[in-house]
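Residue-level structural notes
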Amino acid sequence: MRPTLLILGGTTEATALAARLAGTGLKATLSLAGRVETPKAQPIPMRVGGFGGVPGLIAYLRAEGVTHVIDATHPFAAQMSRNAVEACTALGLPLVALTRPAWMAGLLDTWRHVPDIAAAVAALSGPPRRVFLAVGRMHLEAFAAQPQHRYLLRLVDAPKGPLPLPQADVVVSRGPFTEAGDRALMEGHGTELVVSKNAGGTGARAKIDAARALGLPVLMIDRPVLPARRELAHPDEVLDWLAHSGADLGV
Ligand SMILES: NC(=O)c1ccc[n+]([C@@H]2O[C@H](COP(=O)([O-])OP(=O)(O)OC[C@H]3O[C@@H](n4cnc5c(N)ncnc54)[C@H](OP(=O)(O)O)[C@@H]3O)[C@@H](O)[C@H]2O)c1
């Protein structure tokens, strides 16, 4: 059976998998939510936008004859991951997640762990500080409850309208970022605290290394709990998984 793959993307890992699959002759589509204005060019066909919940995803998988789903979404894209598990279970389709290990604090790190965005907002109560709020555009609204801080924001796209935070400095950049670059950024803004999701991987790591180098505390938002699913760490392992699940890879 020649497989038809759906990759749920929006991450460096999904892009790496797309690059690995390009040229293999395998039929694969990369799906993006459509959160950024100009997605990175990809070497395999792309589709953009939500499916319409679990029923929409089931309809899409059926219509496209998808045989295997690879969830390579961000560890905080919990809704999409839950929908993928539910839809694949309903259709009996094999699903695997391409994931990255969470970051672990080292001896020189000063992290305070919080379980979610709401807890991060609550933890910011207190006197005004200069905060590097590295949580992405979608969650800025929640931090309006702590308007006393001066926030440094780094966004992929320039904001279209006014921000929900009264004191915010915006840097528009999609990376890649370096520790030296992030150190200079934080020093330049007088950053006193970094708020970050525990994204894991290398792409977003620079700010954590920079905070350590500068002796700054990090408010670390722990990952959401996801349904149990098989997890792989490397694009090559996805190809092995396909081969072992009976897919004809044509090699
Ligand atoms: N959350 C983060 O911190 C973060 C960071 C970097 C990149 N990303 C990427 O940004 C995208 C959205 O993240 P999120 O946290 O907003 O997700 P989410 O809360 O789990 O998903 C919300 C809804 O967005 C749609 N969606 C999400 N990922 C999709 C995909 N790859 N293809 C098609 N539709 C998708 C789905 O809509 P329907 O229910 O209509 O199908 C989903 O129910 C994901 O692709 C993720 O990999 C997220």
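Looking up the chain in an unreviewed UniProt entry gives the name Precorrin-6A reductase, with the organism given as Rhodovulum visakhapatnamense. The UniProt entry for the chain carries the following comment under Pathway (unreviewed entry): "Cofactor biosynthesis; adenosylcobalamin biosynthesis."

**Topic: the sheet that holds strand β12 (residues 231–232)**
Spatially, β3-β2-β1-β4-β5-β12 is the arrangement adopted by the 6 strands of the open sheet, whose pairing is parallel. The open sheet has two edge strands with one neighbour each: β3 (46–48) and β12. Sheet analysis places strand β1 (residues 4–8) next to strand β2 (residues 27–32), joined by 5 bridges and oriented parallel. In the sheet register, leucine 5 faces β2, and the bridge partner there is alanine 28. Contacts from helix α3 (residues 78–91) reach β1, β4 (68–71) and β5 (95–98) within the one sheet, and its direction differs from that of β5 by about 160 degrees.

**Quick look at the packing of aromatic side chains**
Evaluation of the coordinates by the stated rule reveals 1 aromatic pair. The side chain of arginine 47 reaches across the aromatic face of phenylalanine 51, ending 4.0 Å from its centre. Seen from the ring of phenylalanine 177, arginine 154 lies directly overhead, with NZ or CZ sitting 3.5 Å from the centre.

**Regarding the pattern of salt bridges**
Tallied over the full model, the rule gives 10 salt bridges. With its nearest N and O atoms 2.9 Å apart, the salt bridge here joins arginine 212 to aspartate 109. Residue arginine 212 is located in helix α6 (residues 206–214), and its partner aspartate 109 is located in the loop between β5 and β6 (110–114); the two are separated by 103 residues in the primary sequence. Look at arginine 212 and you get partly exposed, because its relative accessible area is 32%. Residue classification places aspartate 109 among the buried positions, given a relative accessible area of 12%. Aspartate 209 is paired through a salt bridge with arginine 205; the nearest N and O atoms lie 2.9 Å apart. Here aspartate 209 and arginine 205 have matching classes, each one buried.

So, how was this worked out
- Residues numbered from 1 in each chain as written.
- Predicted model: local features only at pLDDT ≥ 70, side-chain atom pairs only at ≥ 80, totals over all residues.
- Heavy atoms only, no water.
- UniProt positions renumbered as here; feature names shortened; annotations may be inferred.
- Pairing = 2+ DSSP bridges.
- Helix = DSSP H or I, 4+ residues; strand = E, 2+ residues; numbered from the N terminus.
- Contact = heavy atoms within 4.5 Å.
- Axes fitted to C-alpha atoms, helices over the stretch in contact; angles between N-to-C directions.
- Phe/Tyr/Trp six-rings, centres within 6.5 Å; stacked < 30°, edge-to-face > 60°.
- Lys NZ or Arg CZ within 6 Å of the ring centre and 35° of its normal.
- Salt bridge = Lys/Arg side-chain N within 4 Å of Asp/Glu carboxyl O.
- Buried < 20%, exposed > 50% of the residue type's maximum accessible area, 1.4 Å probe, protein only.

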